[in-house]
Amino acid sequence: MPVSLDSVRERDRQDPLADFKSHFALPEGVLYLDGNSLGAQPKAAKQAVDETLDQWRDQLIKGWNQGWFDAPERLGNLLAPVIGAQRGEVSVTDNITLNIFKLLGYILGQCKSGRQAVLSEGGNFPTDGYIAQGYCRVSGAEHRFLPEGGNLAEHLDGVAVVVLSQVNYRTGKLRDMATTTKLVHDHGAEVIWDLAHSAGALPIDLNGCGARYAVGCTYKYLNGGPGAPAFLYVHSDYQDKGWQPLSGWHGHASPFAFEADYTPAGIFPAFALAPIRHLPTPLWKPHSPYGARWTCRR
Ligand SMILES: Cc1ncc(COP(=O)(O)O)c(C=O)c1O
């Protein structure tokens, strides 16, 4: 069907999300299409940062008990409906690279099948492969690459975990998450989904796809700003499988008891290596009319 300028303008007029542009502080005349690298600044960000600075100035040490320490879970619960997860399944913490490392250790630490290979996707954003190689070097697991465009089913023998992107960062290729997750599980392996290029841009239904593990970032299509932490998802049925390997004091059951031995807190505190310490008020609230869409806090 031919597409005319008028028909495009008409579609813009009918777009239920058209109003969203007005919530962003874009420079005059800029058509911004680089949210794949860094999302534009929501107008509400400035006020939230100012409130944070005020809170730090006024509350000083009391801030720890007023929402800073539990920010990973609080923000994770806000993010959950956007990616088809439940409350208590998402933590906003660290970066994607570290979160993949933590999940690899968590999954392989409980793996009793004798499988010890980690499969990375050729052509994926390189850090996913680099950190898998780093994990394999320290753990003794074997690392392999799935050739770009290769048939996944033919490369799953002996594989414990495969790390895949839902949307490829260079080509935009979209994987069918439900079919692929089932394929990997049917072969006795686990999949960690990297949602860096889909979270906030596409409807995602992690629970509906049977996904057990996922990571993603918040500075692209979730507009969290430079330095905004990543997120990590573990399905509620898979949260009692042991330790993640980077056991830090924020993940301790009693972080201020300063005990010598590590005792993990519940699953998500335990995954938070370095929780966000300075985001008192979420920028976003879930918005029902568009299901998994969010709206700006006013
Ligand atoms: C698919 C994908 N994974 C991971 C990353 C890097 O994530 P991080 O810097 O949070 O470790 C990027 C960065 O653009 C990415 O595109």
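It should be noted that the structure appears before, not after, this text.
Below, the structure is looked at part by part. All figures in this text were calculated on a predicted structure; none of them were measured in a lab.

## Here we look at the overall build of the protein chain
The helix and strand tally for the protein chain stands at seven helices and nine strands. Taken over 298 residues, the protein chain has a buried fraction of 47%. Contacts in the protein chain between residues far apart in sequence, at least 24 positions, make up 63% of those at least 6 positions apart.

## Some words on the side chain of E121
As for its position among the elements, E121 is in strand β2 (residues 117-121). A distance of 2.8 Å separates the side chain of E121 from the side chain of R175, its partner in a polar contact.

## Structural notes on the site of the ligand
The environment of the ligand is formed by N95, I96, T97, F125, T127, D128, S165, D194, A196, H197, Y219 and K220. The side chain of D194 places a nitrogen or oxygen atom 2.7 Å from a nitrogen atom of the ligand. Within the side chain of K220, a nitrogen or oxygen atom sits 2.7 Å from an oxygen atom of the ligand. Taking 400 Å² as the accessible area of the ligand by itself, protein coverage stands at 87%.

## Re the sheet that holds strand β7 (residues 231-234)
Overall, mixed pairing links the seven strands, which are arranged β1-β7-β6-β5-β4-β2-β3 in an open sheet. Looking at which strands have only one partner, the edges of the open sheet turn out to be β1 (90-92) and β3 (142-146). Strand-to-strand, the axes of this sheet are offset by a mean angle of 20°, without reference to chain direction. Taken together, the four bridges between β2 and strand β4 (residues 159-165) define a ladder with parallel strand orientation. Looking at β4, one finds that V118 is bridged to V161. Sitting on the sheet, helix α4 (residues 96-109) is in contact with β2, β4, β5 (190-194), β6 (213-216) and β7, with an inclination near 170° to β6. Of the strands in this sheet, β2, β3, β4 and β5 touch helix α5 (residues 126-139), which is tilted by about 160° from β3.

## Overview of the nonpolar core
The tendency in soluble globular proteins is for nonpolar side chains to be buried side by side. Counting 32 residues, the largest nonpolar core has I83, L195, L206 and F231 as the members making the most contacts within it. Setting aside chain neighbours within four positions, we find L206 in contact with I83, G84, M177, L195, A211, A214 and Y233. Formed by 25 residues, the second largest nonpolar core is a distinct cluster that contains I100, I107, I131 and V161.

What counts and how
- Residues numbered from 1 in each chain as written.
- Predicted model: local features only at pLDDT ≥ 70, side-chain atom pairs only at ≥ 80, totals over all residues.
- Heavy atoms only, no water.
- Helix = DSSP H or I, 4+ residues; strand = E, 2+ residues; numbered from the N terminus.
- Buried < 20%, exposed > 50% of the residue type's maximum accessible area, 1.4 Å probe, protein only.
- Contact = heavy atoms within 4.5 Å.
- Polar contact = N/O pair within 3.5 Å; in protein donor to acceptor, adjacent residues only side chain to side chain.
- Near = heavy atom within 4 Å.
- Areas by Shrake-Rupley, 256 points an atom, 1.4 Å probe, with all protein chains shown as cover.
- Pairing = 2+ DSSP bridges.
- Axes fitted to C-alpha atoms, helices over the stretch in contact; angles between N-to-C directions.
- Core = buried A, V, L, I, M, F, W, Y, C linked by side-chain atoms within 4.5 Å.

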